Each structure stands twice: as C-alpha cells, then as structure tokens.
Amino acid sequence: MNWFMRFAKSTIGLKITMAISGLVLFAFVIGHMVGNLQVFLGASALNHYAAFLQSEQLLLWIARIVLLVLVVVHIWSSVVLTLRAKVARPQGYRKWQSKASTYASRTMRVSGPILLLFIIFHLLHLTIGSVHPDLQHCAVQASGDLQCFAYQNVSAAFSLSTAGTTAAIQGGIVAFYIVAMLLLGMHLGHGAYSMFRTLGLTNPRYDKMARAFATAVAVIIVVGNCSIPLAVLTGLVGQAGGH
Amino acid sequence: MNLTLHVWRQKGPSDVGQFQTFQATGVSKDQSFLEMLDVVNDKLELAGKDPIVFEHDCREGICGCCGFMVNGKAHGGQPETTVCQLHMRSFSDGDELIIEPWRSAAFPVVKDLMVDRSAFDRIVQAGGYVSVRTGSAQDANAIPISKEIADRAFDSAACIGCGACVASCPNASAMLFTGAKINHLGLLPQGQVERFSRVQAMTQQMDAEGFGPCSNHEECEAYCPKGIPVEVIGRMNGDLLKAQLRGRDS
Amino acid sequence: MTLQSNAPGGDIETAWDRHRFDMKVVNPANKRKYTVIVVGTGLAGASAAATMGELGYNVLNFCFQDSPRRAHSIAAQGGINAAKNYQGDADSVFRLFYDTIKGGDFRAREENVYRLAQISNNIIDQAVAQGVPFAREYGGLLGNRSFGGALVSRTFYSQGQTGQQLLLGAYQALSRQIQAGTVKIFPRTEMQDLVVHDGHARGIITRHLVTGKIERWAADAVVLATGGYVNVYFLSTNAMGSNVTATWRATRRGAYFANPCYTQIHPTCIPVSGGYQSKLTLMSESLRNDGRVWVPKNAEDAWNAKAAKVGRHPGDIPESDRDYYLERRYPTFGNLVPRDVASRNAKLVCDAGHGVSFEGNGVYLDFADAYERLGRKEVGERYGNLFDMYQRITGESAYEQPMRIYPAPHYAMGGLWVDYNLQSNVPGLFVLGEANFSDHGANRLGASALMQGLSDGYFVLPYTIGHYLGIQGPRKSSTDWGEFAQAEEQVTDRINKLLSIKGKRTVDSFHRELGLELWNNCGMARNRHDLTTLLGRIPEIRAEFWENVSVPGSAGDLNQTLERAGRVADFLEFAEVMALDARQREESCGGHFRVEHATEEGEARRDDVNFRYVAAWEYQGVDQKPTMHKEQLEFRYVKLTQRSYK
Ligand SMILES: Cc1cc2nc3c(=O)[nH]c(=O)nc-3n(C[C@H](O)[C@H](O)[C@H](O)COP(=O)(O)OP(=O)(O)OC[C@H]3O[C@@H](n4cnc5c(N)ncnc54)[C@H](O)[C@@H]3O)c2cc1C
Ligand code: HEM
Ligand code: SF4
Ligand code: FES
C-alpha cells in the first residue's frame, strides 16, 4: 500500500483523483440533465421518472453517497493542489501576462467553490425543500403507487407568481441558477479538456478534438440546464402543462 | 531609443529585494536584450556600483542559462526565443520595462535576476537516463527506429532546461520540463526497460523540490523557447498511471 | 625536456589494442581508493567523469555554469563524424583517419588520429544506446549528411542541435553517477590554480562563484576538459564564459602549451552589427551547399555604415556587377572550399573595400539560384531554422534578400600538450577535448570536435588514467601540503589586487582592445611585421589593465565582473604566447596563414622540412619569453601533399 499512498499524495496522483472524481460528477451532470429535460414531455413523464428514481431507495442512497464522497474527494484534492500551487510561488510577479491560458482555466478555483454553494442550495431547494416555497415530497398513494410531484416542484421553484414568496426572490433564484450553470459550463469546458490530459489520453492528433468535445459538452449542459428555469419563466412549463 | 527599466535587485536568497529604476539610453535596435543590459552594466561598473546580475553564456538560445521576465512575459514572450536572442527591435522608444527573475519556491533567487535551478538537475538525477555502461552498447543500427518516433523524441529532447515553463506557469509547475525528459526517453526503444520506474522516480523528485501542480493553463508551452508541446505532460501522466496499475514500485 | 609521444610503434591498426593490453589495470576493488578531479562538464569532461564514476573511481567534477548540462559543447550544431560506412560509400576507418590528417594540414600525430577514427564508431553506438535522437531515414536506420568538404557521408546529426543532444546524453550518464554517489558535482565553481606536489599534479584551487569561497581539493590525478580559448579574440562563436584560465594556470605550473597559434576562423557567421556586440553567432556551414557567395564588383556598390557608404541594395546589383569570388578562384570546389580558404578569401575581398555590412565586414550568401532550382519550399525545409535564427538577430529575411556573413573565431586547435595517453608533460595531469592540442593539427574538419571530445572522455582517458594510477599505487593526499597553501595565497592575492585597482576602464574594454589587436594582427592572415607590433602591444595593454581596470564589488560575494577580470587577466598573458607561436612558424598551414608564405596564386605554402613539428611552450614567468620545445611529427601512413581546392 506504500506505493499507493505515495501515488495518492503525489501531485499527479491528486490530479488523477480529481479527474476521475470530476469525470463521474460530469457523467452525473449529463444524466441528471437528460432526466430533467423530460420536463418538456409533460408532468406525467417527469413525475414518473422521479418516481422511478425513488423506487429503489437502496440504490438511490448508494448513488447519493458515492456522489457525496466524490464531491468531497474532488474538493479535497483541489484544495490540496491549490495550496501546493500557492506554496510553489510564495512571491508573485509585479506584472504577469497570459499568453495561452483561458478565462475558464484561470477561474477554476472560483467556479468550483461557487458550484459547491450552488450544489448545497440546489439540494436545499429541490431535494430537501427548506428553501422552497412549497415542496411536495413523493408519497405512496392508496393504490400503492409512488406519486411524485417533480413537475409541480420545478414549476413552483422558478415561477415568479408562486404563492408564499415574492417575484424578486424568485427572479434572484433563477438568476443564480443561470449564473451557476454558466460557471458549470466553464468549469467543465476546461475540466473535461483537462481530464483527457490528466488521464494520459492525449495524442497530438486528437488534441483539437478533445478541446472541441469539451466545449461542445459544456455548451450543451449550459443550454440544457438553463432551458428548464427559462421555460418556467416563459410559461412553456408550468401549471398549464400539468395534469 | 531610450528606455526606462525597472529591475529587480536582490542581494541574496534571504534579502527581501526591491525594484530599482535605470535609464537605458541610445539603445540600438540591432542590440540584443542582454547587450542592452551590458551597456547599462558598463556604466554601473565605471561608477563603482554593483552591476545587474543575470545569467547567460552561449547567447544563442541553446545553453539555457539566460531567462527572466520582461513585462510579465518569460524571455520577453517572442515566439520560440530566449531572452539572449530577443532583440531591441521588438521595443520602441520610451518603453517602460519591468524586469523580474523567475519566481518559484524551487528556484530561489541567487542574486538580482539569477536564480538557482539545480532542482532541475536533481530531477534528472532521479532517473532521467538510460542505464547503459560505457562501451557495452550494441551496433547503433541494430534497432531501427521509425523516423516519426525519432523526430518526436527529438522534439522533447530539445528542452534547454531554462525554467521558463515554471516561471510562466501560474502554479510554478515543472511538468513541462519533467514531461519532456520522460517523453524523450519513454518514446525510444532504448528507454523502455526503465520507463515506468523512471516516471515514478522523476515525478517524485519533482514534487520533493516544491514545484506546483499542473492546471493545464498551457502558459508553459506558449512561453517555452523550444516549443516543447504540452502533449508531453499527458504522456507523463499516462505513464505514471500505467506504472501504478502495474503495481510497480521504484 | 624531450617530448615523448609515448605512442606505440608498429602497425597502426593494432596500436591501440596492443597499448591497452600493455597498460596496467587497477583492481576493481581498489578503484574507489583513488580520487580523480575532472574540471569541465562538456562532452569531454562529462563523458570522462561519468565513465570513471561507473568504473568505481571517486570523481570530483567541476564546472563554472550553474549546471553541468550548460557547458559550451551544447552549442555545437552540425554533427559528429564516424567511420560507420552505413551509407556504403566506401568510407572506412582509414579514410576518416586520412581525411582528418589531411584536413589538419599534416600537423597532427598519426597514432592519435588513427585511434580517434577507430573509436568514432563506438561513440555512435554509445550515444544511440543512451537515447540520443539522431536523425533517421524512413526505413528507421540512422541518417547521415556530408560535411566540411568530405567526399563521403559520415556525419551523424540531430537537426541543428547535435552538440546539445550528445551533451545531454553525457549529462544523463553523469547524472546517473551523481545519483549513485560515485561522482560529486560542483557547479558554479571555477578552477583558479593547479597544485603540483613532488612533480605530480595533485589538486586544484577553486573559487565558488556565489559565495566567493576559495577551496583546496586534493586528488590522485587531475583531468582538465575546460574547452578552447578563442574568446581571446573577445568576439567569437564561443559562449561568453569560455576561457583559457584553467589551461593557462596549468601552463604557469609547468604544463606545456602546444600550437597556440592554430585557431580556426569559421566562414559563415553573422557579421558584427555595432560596437556593443558581445558575441558572434555561427550559421551552419551547410548553408554553403546551396548558397552562392558574392560581393559587389565595384567597391562603391558595397554598403558600409561606418565608412558612410550607402551602397546599392543587393537586389539592384546586376549579375554583371557581382563577383562570385569563390567560384571564380576555385572552379572545382567553388563555394564548398574548406573553412580556412573560404574565410581568408572573404577577408581579402572585404579588405579591398567590397565588404557589405555595418563595418564593411560581410559578404553576401545568396539563395536566389537555389530558389529557382529547388523552389522556396524545399530551400525552406533545408534551411528554414537557420533563416529564422538569422532573421531574429538581423531583422532581415533570407527569403527576400541575400544573407550577409563574415568569418569569426570559432575553435582552438592548439591546447595543452599531451602524449598518446592524453597526459601532459606534468605527470598526473590529463587534458581532454578542445583543451588539448592533440588530434586536429593546424585545422579542424567539421564534425570532428564532438568526436574527439567523446573519444577522449568515454574511451581513452578511463584506460590511460588507470595505467598512471596503477603505477603510482594508492597515495596519501593532503590539502595541508605547502603547495596548496602557496597556491591559495596566490589566488587570493590576485583577486584582492584586481579589486583594489579601482581604475577607470571596464574589464570588457580591455578584452575588446586585446581581441581587436589579435584579430587584426594574428587572425586570418598574419605577417612577421604585424606580429612583432602585436608582441609589443600586448604587454602594454596588460600593464594598463593592472593599473586601470575597474572591478567593483567584493571577493566574498557573487561578482560577475571579478570573474571576467580573472579570465581577461589570463588572456592577456596567454595572447603573448599565441603571437610568439604565430611568429616563429614561418610557414602557412591550416588556420595559420602567413602572407609571406604563399604561392604565387596566394594559396598557403607549408614547409614540411623545417616546420613539421609541434611547438610546445614552457612558461618562464610573466614578461619572460617562454621556451619552445619541439615534437617532431612522423608520417608513416599518409603521404604529405599540398592541399589544393582549385
Ligand atoms: C557554435 C559552435 C558550433 C560547433 N559545431 C560543431 C559541430 O557541429 N561539430 C563538432 O564536432 N564540433 C563543433 N563545435 C566545436 C565543439 O563544440 C567544441 O570543440 C567541443 O564541444 C568542446 O568540448 P569540450 O568538452 O572540450 O569543452 P566545453 O564544452 O567547452 O566544456 C568546457 C567545460 O569546462 C568548464 N570550465 C572551463 N573553464 C573552467 C574553469 N576555470 N573552472 C571550472 N570549470 C571550467 C566549463 O564549465 C565547461 O563545463 C562547435 C563549436 C561552436 C562554438
Ligand atoms: C458539478 C460538479 C463538478 C464537476 C462535474 C466537476 C468536474 C471537474 C473536472 C472534470 C475537472 C478536471 C480535472 C482535471 O484537471 O483533470 C475539475 C477540476 C477542478 N474542480 Fe471540479 N467539478 C465539480 C465541482 C467542483 C467543486 C464543487 C469544486 C470546488 C469546491 C471544484 C473544484 C475544482 C478545481 C479547483 C479544479 C481544477 C483544479 C486544477 O486543475 O488546478 N469542482 N472539475
Ligand atoms: S520545457 Fe521549455 S521552458 Fe521548460 S525548461 Fe525546457 S525549454 Fe525551458
Ligand atoms: S545565454 Fe544560452 S540560452 Fe540564452
């Protein structure tokens, strides 16, 4: 195990840890988005999908724990690496000019923590419900079926006219979601590209493709995820579409 | 032309250091950057003052001695050009230049613009070689090597060990330098036997020297005077991962 | 003292094998009882230190740069010769031997050169095994190019960075030994003196360039691999730090300096552009394969900023007003004549006022014909790197107008005298690489210095030093010997003296002045009168230096001015021996051209009857004339002929 610990603590080992955890989170983000886009198929589609996820509590909790651990691992390695980077340059330059790095690459350490805040907020908002005006949890119906209300929850979460809250608060929440998604896009745009290199999946011939792939995926994620609150705002998704 | 130089002066590793301003007058556009500094130094010497210390030897971009930041750009930032090959025609009259040493914990300042890069030597000592005894080699043509592989190995081997990659990296990482040597030897058939122990030993030493991690900013590649590609970092990471999967220890 | 070459007689082909068999071998278990000092980490020093470390000796290795990898060998561009005959063009050990002797204008020792040609093949094997990425053909085998007027293709190369790749190979081998603990490396440490005890070289005195600390080092033998001295001219293609200090200090301790007047002036360098110039840049000789050399026929067409001559743009000078002087004078070899001939002719046309450059020192190297014949793309592929480098330095594009080139001091054939074992006349002092005089005679062929440095370091010294150590047996060494104290005191005194002058001139101004005197009077063309004048000038410059140089700062600190001052002080003494040697050699041979000794057509005329010897100079004190010793050269295998490139 000695060699393993040495590897795990090494700079490249930590990077690989971050890349693998990031990769799984990345896969989750995609799956999560695809699932949620069912909102456009109507209330019953989304609610059935939600019920399906809730039906296997064991699997659900395993997935949640794995994701939680990965987030912790991801953050932990990023913190260790960031500290190492600071120690490696105790004195900065009076002037420094970038020639190749991107805004996204330079702001990973900003976009990451904001994403963490977002994740926490998102869980409180749409999973736990403590910051939601009226979150309806899934419930077993008399028929024995599990009934979920994801569609109604999403509509209420982003609609300006939801009762029990103000339009200003709701507008702020939507804005936060959209900003967070833009940051996620940036984080992943650089992250996914970075991942290829961190895992040694590089070849000069495919380098451009990796860049294009990462950018495309980032754009899809931003557009896909933002479309949901925007659809609620524009009325495309909402009470009308329900039942 | 006339220029204003703000040059970092530091007596030794424990001195705090500060910027000092000099006027470079009557600079010719055909002068190299170091020749411009030579003239400033001549005046300082005649005034009995300490001239600005900077490292240099070949002055043709191959020994890797020279290197400092000019206006925030390693080696002055011209494509594939060391500061000894940078010429004053890249500047114009009245320019103000900020001249700073490489800044990295692993490269302590020796004096003024000169830093200690012996960390690079220790990374190579950790395993950057093929263990072959003098006189024991077989005929040079016994193992054919495809031109493509030989050329790629050469491209990595062209590193001059100047440290611009570390200096320009926001994390002060030495991944480009270390990756270049690992890649050079790792591509060639002669380097295969020690390929995995080499990558483990060299990257361990790289960490021990206090270089930072890679965030794939790719500033190193952009400022590297020899155009070493960031691909070498990917291959090094991959080799280290493979070495782990094989469960080998060096 | 008569100079014994100690070369084995008899059949030259078996000489080295027989010699190796006859030499003493040190028992492996005993090797670590011997400490060997190696000064220098260039090709010669690094390969020697690595190999001796590997054999088990205790090696102390010094260099003045911050890392052994930065030795001046790193700058070599063109390539390295070997008699592999991979191209099947009838190359052989004998042919390489013959070419090297002839190229050196019959002023080198046959046995040494033959051994060099034999070992050349092992070097390539060794380098490839180390991972040196030589150029390859599409089939995967090693590629070769032809170089420096040779009729066969025997030069191995790594693009334009062969020296770098070979040095990194040696540096890596050295790093492996440093890791293994057999070699201790001392960078940023400059040798200041040699210590001789009981007639044997037993140690050195060094100065640490950062702390200024003066230290004593004792050993069983001392190896100098400190490179060449052409920086005596101030402007040269050598690195700024290249110096004569180590070899000159050894000369002052009794080692003989051989053939100091043999210096090589390389024809294709970028001309001087102004008075601030600090060094000259070499452009690979391969450019002459496709470029045509010319100057304007009418002197008034030539641009010369210093003489306030505007001249005409080269593109506006019609064919009929151009003088392709090499093609005119040497119809057979044309632009491909050897280095010394090309350089001398450039000087002749420039002296006659046809030179084009800032100071009128330059000739055109024109690729217009090549563009027509091969196309721009092909020319770009062959020389694009060099064109880029040229543009970076001059701001001019060789695609748009002819390049301007001029000769520059490049290599020192002379050096400390050594025997077949690479041992100097001081027992226990061995000298390798460019620092010795051994293999290139009066002129070095392209791609043969790298070969010699590695041959000396990897394959010759490790055997011959064993013989010396074996005979001596393990001895006690001590830095308490009186000679150490005395040498250290002299070193300290000299440094303090330099710091106390506090004069009005910079170190560089003296170096420039000395260099210019040498360049004008002991450069490409020499004559008795000018050399005599020069011999009068040198002591004057030296005297002024010691009265009027300004060296600020202190001794106990990093002081780059002090470093340079020490080097220039040694050049100022050494230059005199160089001029003396040039004056006594009343013949023209190789890089040494005496205008009095030329044929009617102005070509070099050797005098094999009177000057077929190596001149080895023994130091007698500053301001004293050194004594010259002769080693007669015998040619048993090669017939002496007059070189002709007409
Ligand atoms: C621009 C250029 C291109 C060339 N191209 C070719 C080519 O294509 N092919 C070819 O065969 N040859 C070429 N040569 C010649 C060749 O490069 C040199 O002759 C050769 O590399 C010399 O090697 P060396 O080991 O003897 O000395 P160097 O490489 O000069 O090493 C000298 C070493 O001694 C150390 N040293 C010196 N003085 C002291 C001191 N006082 N104290 C401590 N250390 C000291 C230095 O630190 C250095 O480590 C070229 C030369 C130049 C200048
Ligand atoms: C949706 C959640 C997240 C996903 C999908 C994700 C994905 C990724 C990926 C793929 C990488 C690239 C790894 C590599 O370089 O190989 C990465 C890097 C990074 N992540 Fe995340 N991440 C997420 C959340 C976070 C959070 C919450 C933080 C911090 C609190 C964070 C901080 C970082 C940092 C700092 C880096 C870059 C470090 C560097 O390269 O120097 N990430 N992320
Ligand atoms: S990789 Fe490039 S920048 Fe870094 S040390 Fe090597 S040559 Fe310099
Ligand atoms: S001085 Fe050698 S690379 Fe600049």
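Values in this document were obtained by computation on a predicted structure and should not be read as measured data.

Chemist: Which parts of the structure should I look at to understand the overall build of chain B?
Modeler: Summing up its helical and strand segments, chain B has eight helices and seven strands in all. Within chain B, the proportion of its 250 residues that are buried is 67%. Taking the contacts inside chain B whose residues are at least 6 apart along the sequence as the reference set, 71% of them involve residues at least 24 apart. As presented, chain B carries roughly 7600 Å² of accessible surface, and 49% of it is formed by carbon and sulfur atoms.

Chemist: Explanation requested: the site of ligand 1 in the structure shown.
Modeler: All names here are of chain C. For ligand 1, the set of nearby residues contains 37 residues, the closest of which are Gln-65, Ser-73, Gly-78, Met-191 and Glu-434. Taking Thr-41, its main chain carries an N or O atom lying 2.8 Å from an oxygen atom of ligand 1. Secondary structure elements with two or more residues in the shell around ligand 1: helix H3 (43-55), strand S6 (189-197), strand S15 (403-412) and helix H12 (449-472). With three residues, the top contributor of residues to the shell around ligand 1 is S6. The residue makeup of the shell around ligand 1, split by class, is 16 nonpolar, 18 polar and three charged.

Chemist: Just checking my understanding: could you explain the coordination of the iron atom of ligand 2 for this structure?
Modeler: For a metal bound by four donors in a tetrahedral arrangement, the ideal donor-metal-donor angle is 109.5 degrees, while six donors in an octahedral arrangement ideally sit at 90 or 180 degrees. Residue and element names in this part refer to chain A. Taken together, His-74 (NE2) and His-187 (NE2) make up the protein donors of the iron atom of ligand 2, found 2.0 to 2.1 Å from the metal. One way to put it: the six donor atoms around the iron atom of ligand 2 meet at angles of 83 to 179°, and that makes the site octahedral. Taken together, the positions of His-74 in helix H4 (residues 57-88) and His-187 in helix H8 (residues 167-198) put the pair 113 residues apart, joining distant regions of the chain. Given the relative accessible area of 18%, His-74 is considered buried.

Chemist: Sorry, what's going on with the pattern of salt bridges here?
Modeler: Pairing between side chains of opposite charge can happen when their charged atoms approach one another. In this structure the tally under the stated criterion is 72 salt bridges over all chains. Across the pair Arg-152 of chain B and Glu-148 of chain B runs a salt bridge, and its minimum N-O distance is 3.8 Å. One end of the pair is Arg-152 of chain B and the other is Glu-148 of chain B, both in helix H3 (residues 147-157) and four residues apart, which spans about a single turn. The partner of Arg-198 of chain B in a salt bridge is Glu-194 of chain B, and the shortest N-O contact between them spans 3.9 Å. Because the salt bridges share partners, they merge into one network encompassing Asp-105, Arg-107, Arg-585, Glu-587, Arg-606 and Asp-608 of chain C.

Chemist: Whenever I open this one, the packing of helix H6 (residues 162-180) of chain C against H12 of chain C confuses me. Can you help?
Modeler: A pair of packed helices can be characterised by two numbers: the angle between their axes and the separation between those axes. Residues and elements named next belong to chain C. In the contact formed by H6 and H12, the axes pass within 11 Å of each other and the chain directions differ by 10°. Judged on the interaxial angle alone, H12 and H6 are roughly parallel. Between H6 and H12, the contacting residues are Thr-162, Gly-163, Leu-166, Gly-169 and Ala-170 on the first element and Leu-450, Leu-454 and Tyr-458 on the second.

Chemist: Is there a simple way to explain the interface of chain C and chain B in this structure?
Modeler: Accessible area lost upon the coming together of the parts serves often as the stated size of an interface. Every contact between the two is made by 76 residues of chain C and, on the other side, 76 residues of chain B. Together, Arg-70, Tyr-276 and Arg-392 of chain C form the three largest contributors to the area buried by chain C at its contact with chain B, with a combined 11%. For the interface between chain C and chain B, the tally reads six salt bridges. Counting across the interface, chain C meets chain B through 43 residue pairs in polar contact (both at pLDDT 80 or more). Where the side of chain C that touches chain B is concerned, the elements lending two or more residues are H3, helix H5 (110-130), H6, helix H11 (376-394), H12 and helix H16 (560-584) of chain C. Residue contributions to the side of chain C that touches chain B peak at nine residues, all from H6 of chain C. Each residue belonging to the side of chain C that touches chain B can be placed in one class, and the counts come to 29 nonpolar, 31 polar and 16 charged.

Chemist: What is the right way to look at the nonpolar core in this model?
Modeler: Across soluble globular proteins, nonpolar side chains show a tendency to be buried alongside one another. One finds Phe-211 of chain B together with Met-52, Ile-80, Phe-134, Val-232, Leu-429 and Phe-545 of chain C to be the most contacted residues of the largest nonpolar core, which totals 245 residues. The element that contributes the greatest number of residues to this core is H16 of chain C, accounting for 13 residues. Among residues more than four places away in sequence, those in contact with Phe-134 of chain C are Ala-150 of chain B together with Ile-80, Ile-124, Ala-127, Val-128, Leu-142, Phe-156, Tyr-157, Ser-158, Thr-162 and Leu-166 of chain C. Core analysis: the next-biggest nonpolar cluster, separate from the first, contains 33 residues, Ile-270, Leu-365, Ile-393 and Ala-398 of chain C among them.

Chemist: Got a minute to help me understand the sheet that holds strand S12 (residues 292-296) of chain C in this structure?
Modeler: Within a sheet, adjacent strands bond to each other through the backbone by hydrogen bonds, running parallel or antiparallel. Residue and element names in this part refer to chain C. With antiparallel pairing, the five strands of this open sheet are ordered in space as S11-S15-S14-S12-S13. Each end of this open sheet is capped by a strand with a single partner; those strands are strand S11 (263-269) and strand S13 (322-323). Pairing analysis gives three bridges linking S12 to strand S14 (residues 363-366), with the strands arranged antiparallel. Across the sheet, residue Trp-294 finds its bridge partner in S14, namely Tyr-364. In the packing of helix H9 (residues 339-354) onto the sheet, contacts are made with S11, S12, S14 and S15, and the angle to S11 comes to roughly 70°.

Chemist: Please clarify how the arrangement of the chains should be interpreted in this entry.
Modeler: Highest in contacts among the two pairs of chains that touch are chains B and C. A minimum C-alpha distance of 20 Å separates chain A and chain C, which share no contact.

Chemist: What is the right way to look at the site of ligand 2 in this model?
Modeler: Close to ligand 2 lie 23 residues, the nearest being Lys-15, His-74, His-187 and Thr-198 of chain A together with Ser-215 of chain B. More than one chain reaches ligand 2: the nearby residues come from chains A and B. In the model, an oxygen atom of ligand 2 is placed 2.8 Å from a nitrogen or oxygen of the Lys-15 of chain A side chain. Interatomic distance of 2.7 Å between a side-chain N/O atom of His-74 of chain A and a nitrogen atom of ligand 2. Secondary-structure elements contributing two or more residues to the shell around ligand 2 are helix H2 (11-36), H4, helix H6 (108-128) and H8 of chain A. For the shell around ligand 2, the class distribution of residues is twelve nonpolar, nine polar and two charged.

Cut-offs and rules
- Residues numbered from 1 in each chain as written.
- Chains lettered and ligands numbered in written order.
- Predicted model: local features only at pLDDT ≥ 70, side-chain atom pairs only at ≥ 80, totals over all residues.
- Heavy atoms only, no water.
- Helix = DSSP H or I, 4+ residues; strand = E, 2+ residues; numbered from the N terminus.
- Buried < 20%, exposed > 50% of the residue type's maximum accessible area, 1.4 Å probe, protein only.
- Contact = heavy atoms within 4.5 Å.
- Areas by Shrake-Rupley, 256 points an atom, 1.4 Å probe, with all protein chains shown as cover.
- Near = heavy atom within 4 Å.
- Polar contact = N/O pair within 3.5 Å; in protein donor to acceptor, adjacent residues only side chain to side chain.
- Nonpolar A, V, L, I, M, F, W, Y, C, P; charged D, E, K, R; others polar.
- Donors = N, O, S within 2.8 Å, 3.2 Å for Na, K, Ca; no water.
- Tetrahedral: all angles 85-135°; square planar, octahedral: opposite > 155°, others 65-115°.
- Salt bridge = Lys/Arg side-chain N within 4 Å of Asp/Glu carboxyl O.
- Axes fitted to C-alpha atoms, helices over the stretch in contact; angles between N-to-C directions.
- Parallel < 35°, antiparallel > 145°, perpendicular 65-115°, else oblique.
- Buried area = accessible area lost by both parts, 1.4 Å probe.
- Core = buried A, V, L, I, M, F, W, Y, C linked by side-chain atoms within 4.5 Å.
- Pairing = 2+ DSSP bridges.

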